[in-house]
Structure formats: C-alpha cells, structure tokens
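Geometric and topological summary
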Amino acid sequence: MHTRRRSLAVALALAAPWAVVGCGSTAHDAGSASVTTAVTAASSPSVPPSASGAAPSAAASSAPASASAKPKKPAPATGSPAGGGGGGGETENCVNPWLTVTASTSDGAAGTMVQRFVVKNVSAAACSMDGRPTFVPYGPPAAPELPLTVGAIPAGFGDLGQEGGTIVLAPGQSAAFFVKWSNVPVGDAPCPKAAGFVFRAPVDPLADADKKVPFAFQPCGGTVQVSEILPATVLS
C-alpha cells in the first residue's frame, strides 16, 4: 500500500510542472488577444469624419489666406507715348517744319513717268499723316506759274492709287508719295518745264511753312497726278 502511494505521489510531482506551464501559456494567449483588441478600439475614431474627409492639420489651418490667392497683375502705365503730341495714345499731325522731302526712284513706260518721293520725320516726336499732300508745281524764275492741273492717281493704277490711311512716323522714320505724269506731247502744245513743286503735309495748317522742293520735270497734257502718303514699303 505504501509503495503504491509513493509511486502516485512521484507521478503527480513529475506532472505538476507541465500543468503549470500549460496554464501560463493559456494566460499569455489571452493577454495577447486582449491587448490587440484594445489597440484596435483605440485606433477607431470616436468622432465621425467631416464631410470633406480628414480634419485639416494645425499647420494647414494656420496658413495665411493670401498664400493661395492669385497674384495681382500690375496696373498699366499711364501717360502719353514717348514723343506723342496728345493724350490717349494719339499723335499730332506732321507739319512741314518736322519733315524733309527728297526725290527717290523713278520709272517710266509707254509715255507715263512715275517719280517716288520720300518724306522723313526729322523731329524729336512722333507725328502722323493721312491723305494726299499739297503739291503745286512751279516753273523757272522767268515763268513761275505753270498751266497744270493737279489730280489724284486713279485707284486702278496699282498700289499707287490705294488709300494710305493714317501713317505714324516715329522720329527718323519715313513714308512715301508718288507723282505721275505723261511725257508725250498733245498736238502742238508744248510741255511746260517745271523746276520743282511746293509741298505741304496733309492737314497741315501752316501755309507759311510751305516747302519748296527742287525737282526738274516736264509734264505734258496739262495734268499731274499725286498719290496719298503711303508706307515706305511701297516702291512703285
């Protein structure tokens, strides 16, 4: 009997450590599960998100409102253009004291002569011209008046018959105009000899500043035709 009790006590003693280890493992697993559950619960938001999503951070909410605003464009400069004579971007009409007139290229065919003249702005300000200049041929001192009629180059005569429009000349820039005449005598009528012409810019009120331009030519038929002031790019 005593032998059997000792054997049973030894068996229980040997089995006890495994029982303790088994209980410890069970407690550890339960603790792990409870910790995991606690972390998951803490990570869940306790307040529903706003309609636009996550709440803005403190750094974003502290940014100044002007940081996202578009930069304003600089205000346009005001005042008259350099060299201009009037406000609103307009220029004054060119007047004879501001201009020089010189003969340029000439051309002729089938009894018709065409002479190009260059008008240059020699002033320190921009000015404009629009229309046909005053053109009055004059003869030699012995016969200053010539029996000639001055008209316009017809519209069908190439680029020379076109309207020039308003041409603005900055200081040093040039424009052009053309003079057309016939060199074929009509009957027995002599062709008068011109020594030059009087020039006045379009819309120039300064009659006392008429410019005499020396230029010898001999128009026949009693008629001379003149173009409007045209861009300097028009050559013939």
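This section reports on the structure supplied with the text. Bear in mind that the values here come from a model prediction, so they are computed numbers and not experimental data.

Looking at the nonpolar core
With 26 residues, the main nonpolar core has Met129, Phe177, Phe197 and Phe199 as its most contacted residues. Looking at this core, the elements with two or more residues in it are strand S2 (99-109), strand S3 (112-121), strand S4 (127-129), strand S7 (167-169), strand S8 (174-182), strand S9 (194-200), strand S10 (211-217) and strand S11 (220-226). Of all the elements, S8 adds the most residues to this core, at four residues. By size, the runner-up hydrophobic cluster in this structure holds seven residues, among which are Val114, Leu160, Phe178 and Val234.

Here we look at the state of the cysteines
Per the stated rule, a full pass over the model turns up two disulfides. Paired by a disulfide, Cys94 and Cys127 hold their sulfur atoms 2.0 Å apart. With the S-S bond torsion at 90°, the cross-link from Cys94 to Cys127 turns out right-handed. Remark: Cys127 occurs in strand S4 and Cys94 occurs in the loop between strand S1 (92-93) and S2; sequence separation between them is 33 residues. Cys191 shares a disulfide with Cys220; S-S distance 1.8 Å. With the S-S dihedral at roughly 105°, the linkage between Cys191 and Cys220 falls on the right-handed side. Separated by 29 residues along the polypeptide, Cys191 in the loop between S8 and S9 and Cys220 in strand S11 bring together distant segments of the chain. Taking the relative accessible area as the measure of exposure, Cys191 reaches 14% and is therefore buried. Here the cysteine-cysteine linkages of the protein are recorded as 1-2, 3-4, numbering only bonded cysteines and doing so in sequence order.

Thoughts on the pairing of S8
With seven of its nine residues buried, S8 lies for the most part within the structure. In the sheet, S3 pairs with S8 via nine bridges, with the strands oriented antiparallel. Within S8, the residue paired with Val114 across the bridge is Lys180. As defined by bridge partners, S8 adjoins strand S12 (residues 230-231) across two bridges and the pair is classed as antiparallel. Bridged to Ala176 within S12 is Leu230. As judged from the four bridges shared by S8 and S11, these two strands associate in the antiparallel manner. Bridge assignment links Ser182 to a residue of S11, and that residue is Cys220.

Considering the sheet that holds S10
A sheet is described by the order of its strands in space; here three strands give the open sequence S5-S9-S10, paired in antiparallel fashion. The sheet is open, and its two borders are formed by strand S5 (134-138) and S10, each paired with just one other strand. Ignoring strand direction, the axes of neighbouring strands in this sheet form an average angle of 30°. Relative to S10, S9 runs antiparallel, the two sharing five bridges. Counterpart to Phe199 in the pairing with S10 is Lys211.

Concerning the environment of Thr166
Within the secondary structure, Thr166 is located in the loop between strand S6 (149-152) and S7. As for Thr166 and Ser128, which are separated by 38 residues in sequence, their C-alpha atoms are 6.5 Å apart. Beyond its immediate sequence surroundings of up to four residues, Thr166 is in contact with Ser128, Met129 and Asp130. A polar atom in the side chain of Thr166 sits 3.2 Å from the side chain of Asp130.

Regarding unusual backbone geometry
A positive phi angle, close to 55°, is found at Ala110, a residue other than glycine. With a phi angle near 60°, Val203 is a residue other than glycine that sits in the positive phi range. Examined against the element boundaries, Val203 turns out to sit in the loop between S9 and S10. With a relative accessible area of 59%, Val203 lands in the exposed category.

Quick notes on the rules
Residues numbered from 1 in each chain as written. Predicted model: local features only at pLDDT ≥ 70, side-chain atom pairs only at ≥ 80, totals over all residues. Heavy atoms only, no water. Core = buried A, V, L, I, M, F, W, Y, C linked by side-chain atoms within 4.5 Å. Buried < 20%, exposed > 50% of the residue type's maximum accessible area, 1.4 Å probe, protein only. Helix = DSSP H or I, 4+ residues; strand = E, 2+ residues; numbered from the N terminus. Disulfide = S-S within 2.5 Å. Pairing = 2+ DSSP bridges. Axes fitted to C-alpha atoms, helices over the stretch in contact; angles between N-to-C directions. Contact = heavy atoms within 4.5 Å. Polar contact = N/O pair within 3.5 Å; in protein donor to acceptor, adjacent residues only side chain to side chain.

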